[in-house]
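Summary of structural features
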Amino acid sequence: MSKSPLRKDKTCLNCRYVVENRFCPNCGQENTDTRKTFYHLFVHFFEDLTHYENAFWKTIKNLLFKPAALTKEYLSGKRLSYLAPIRLYIFISFVTFFLISLLPSDIEEVIKEDKTKTETKSSVGGLTKTKEEYKIGTDNITVSPQELKLKSLFEEGKLTKKEYDTLIDYTKKSIEKQSSFSFGGGTYKSIIELDSIQKFGKNKLDPISYWFGRRLMKVTQNKSSDEILPLFFESLKHNIPKALFFYMPLFAFLLWLFYDKKKWYYFDHGIFTLHYFSFMLLIILISTFLLRFIYLFGENSFTESIDILVNILVFLWFIFYFYRASKNFYQSSRATSFIKSSLLLFLNTILLVFVLLFLILYSFINIH
């Protein structure tokens, strides 16, 4: 409650309701003077910051070391002492994905190394295919690097006319085959051909296959694998938070199926799910930066062993935490909690595989 003096006017500035005391009985707004001194703003900011900080650290402590305690406290009505579940999840999710995105990706480094090796191989005279096209003379004819290499060998007398014609024909067919797309029982050289057949041809695709195939062609037609892979992983990283937000209601739905529907509402399972996923994201953030710190001392067999050990411990902690949280929240016996937790984790693993496949597919077709 602020210590600002009350306004003499008893009309609420927010809803125009008559206010007899400090707070409006209709909307809850405090009927104080809206013009504040700098001192008041500073004190008010400090009070809010201190309250938020206390609530935040209290929430994090319970989240990490007291499985399901936050969920029980929230559903019992004790809500001002802790961060709200949805606010907690959004905050931890944002911080986790933002900070991890700032770290260099091991996959991206491998892709860069492979790309460097490919460019080196191409520069020493290999027949590695590239996207680059060449024009001969003033004729508007585009040829591949493979064809130029064969032409050079023919002019140097290293290939006969028959060998040259055979290799050129084989190379053209090979390139044409690599640049074509086969799906839905047909083969298409370009999006224009696909659109034309879909509009005027007899062997039309169903709407879903057509849309899907067109998106795949749009992604792969004008990009090499060296370009697609970094774009794909970038798209994947951006879509993981969306996939989690889509997956959590399904996780809560499985909890709803397994427990007493008269005692526990879907809302209760939703709060449990938000807290559990907040815990997992927080552990992922902590373990990621812990491993980055360890690798500052060098990359060797010792640090790699610690990396494996930390990942195993994190995985086991996720499982144990879920079991403890389920037992504490749903008040089941150890045997019942163990059986239900095991079945739930098994079903969620299957569900997660489908969600990951959808995420990979969605990320790929949305490459720009």
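For the structure itself, look to the data block above.
Each chain has its residues counted from 1, running along the sequence as written. Note on the predicted model: pLDDT of at least 70 is required for a residue's local features to be given, and 80 or more for side-chain atom pairs to be given and counted; whole-chain, interface and lining totals, by contrast, use all residues. Excluding hydrogens and water, the side-chain figures rest on all heavy atoms present in the structure.

Moving on to the overall build of the protein chain. If you tally the helices and strands in the protein chain, you get 12 helices and 4 strands. In what follows, a contact means two residues having at least one pair of non-hydrogen atoms within 4.5 Å. Sequence-distant contacts, at least 24 apart, represent 60% of the contacts inside the protein chain between residues at least 6 apart. Exposure was quantified through the Shrake-Rupley algorithm and a 1.4 Å probe, taking into account, for residues, occlusion by the shown protein chains and nothing else. Accessible surface computed for the protein chain: about 24800 Å², of which carbon and sulfur atoms make up 64%. Going along the chain from the N terminus, every DSSP run of H or I of four or more residues is numbered as a helix, and every run of E of two or more is numbered as a strand.

Let us look at unusual backbone geometry. With a phi angle near 75°, Ala68 is a residue other than glycine that sits in the positive phi range. Following the sequence through the fold, Ala68 ends up in the loop between helix H1 (38-65) and helix H2 (69-75). The phi torsion at Gln331 lies on the positive side, around 55°, for a residue other than glycine. When you line up the elements, Gln331 lands in the loop between helix H11 (301-330) and helix H12 (334-365).

For helix H8 (residues 207-220), which comprises 14 residues, the first-to-last C-alpha distance of 20 Å matches the rise-based estimate of 20 Å (1.5 Å per residue) to within 8%. Exposure classes here rest on a 1.4 Å probe applied to the protein chains alone. A residue is buried below 20% of its type maximum, exposed above 50%, and partly exposed in between. Turning to H8, its buried residues number three or more, namely Gly213, Met217 and Val219. One face of H8 carries all of its buried residues, which in axial projection span an arc of 160°. Projecting away from the buried face of H8 at angles above 90 degrees are the exposed residues Pro207, Ile208 and Lys218. Under the convention used throughout, the expected extent of a helix is 1.5 Å for every residue step, that is, one less than its residue count. What the arc measures is the spread of directions leading from the helix axis to the C-beta atoms.

Moving on, we come to the packing of H11 against H12. Direction vectors running N to C along H11 and H12 enclose 130°, while the axes themselves pass 9 Å from each other. With respect to each other, H11 and H12 are oriented oblique. Of the two possible hands of crossing, H11 and H12 adopt the one that is right-handed. Of the residues in H12, those touching H11 at Ile319, Phe322, Tyr323, Ser326 and Lys327 are Arg334, Ser337, Phe338, Ser341, Leu344 and Leu345. Its residues placed into classes, the contact of H11 with H12 shows 6 nonpolar, 3 polar and 2 charged. Here, axes are lines fitted to C-alpha atoms. For helices the fit covers the stretch in contact, and angles between N-to-C directions go from 0 to 180 degrees. In what follows, roughly perpendicular refers to angles from 65 to 115 degrees, roughly parallel to angles under 35, roughly antiparallel to angles over 145, and oblique to any angle outside these ranges. Left-handed describes a crossing in which the near helix is turned anticlockwise from the far one by less than a right angle; the clockwise case is right-handed. The nonpolar class holds Ala, Val, Leu, Ile, Met, Phe, Trp, Tyr, Cys and Pro. Asp, Glu, Lys and Arg form the charged class, and all remaining residues, Gly among them, are polar.

A word on the environment of Phe272. Within the secondary structure, Phe272 sits in helix H10 (residues 266-294). Residue class for Phe272 comes out buried when judged on its relative accessible area of 2%. Beyond its immediate stretch of four places on either side in the chain, Phe272 contacts Thr71, Leu255, Phe322, Ala325, Ser326, Phe329 and Tyr330.

The next subject is helix H3 (residues 85-102). In a regular helix each residue adds 1.5 Å, so 18 residues correspond to 26 Å; H3 covers 26 Å between its end C-alpha atoms and thus fits that length. Three or more residues of H3 are buried, namely Pro85, Leu88, Tyr89, Ile92, Ser93 and Thr96. Viewed end-on, H3 has its buried residues packed into an arc of 120°, placing them on one side of the element. Facing away from the buried surface of H3 by more than 90 degrees, the exposed residues are Arg87, Phe94 and Leu102.

This part is about the pattern of salt bridges. The term salt bridge refers to a pairing of a side-chain nitrogen on Lys or Arg with a carboxyl oxygen on Asp or Glu at a separation within 4 Å. Applying the stated rule across the entire model yields 4 salt bridges. Where Lys78 meets Glu73, a salt bridge forms, and the shortest distance between an N and an O atom there is 3.8 Å. A salt bridge links Lys151 to Glu155; its shortest N-O distance comes to 2.4 Å. With a gap of 4 residues between them, Lys151 and Glu155 both fall in helix H5 (residues 145-155), about one helical turn apart.

Right, let's talk about the packing of aromatic side chains for a bit. For Phe, Tyr and Trp, where Trp contributes only its six-membered ring, two rings pair if their centres lie within 6.5 Å, and the inter-plane angle classes them as stacked under 30 degrees, edge-to-face over 60, or tilted in between. By the definition in use, this model includes 28 aromatic pairs. Each ring, one from Phe253 and one from Trp256, has its centre 5.7 Å from the other, and the planes form 25°; the classification is stacked. A residue pair is termed a helical-turn pair when its members lie 3 or 4 positions apart in one helix, as Phe253 and Trp256 do in helix H9 (residues 225-258) at 3 residues. Residue classification places Phe253 among the partly exposed positions, given a relative accessible area of 38%. Judged by relative accessible area, which is 27%, Trp256 ranks as partly exposed. Here the aromatic rings of Phe272 and Tyr330 are separated by 5.6 Å at their centres, their planes lie at 50°, and the arrangement is tilted. Linking Phe272 in helix H10 with Tyr330 in helix H11, this pair joins segments that are 58 residues apart in sequence.

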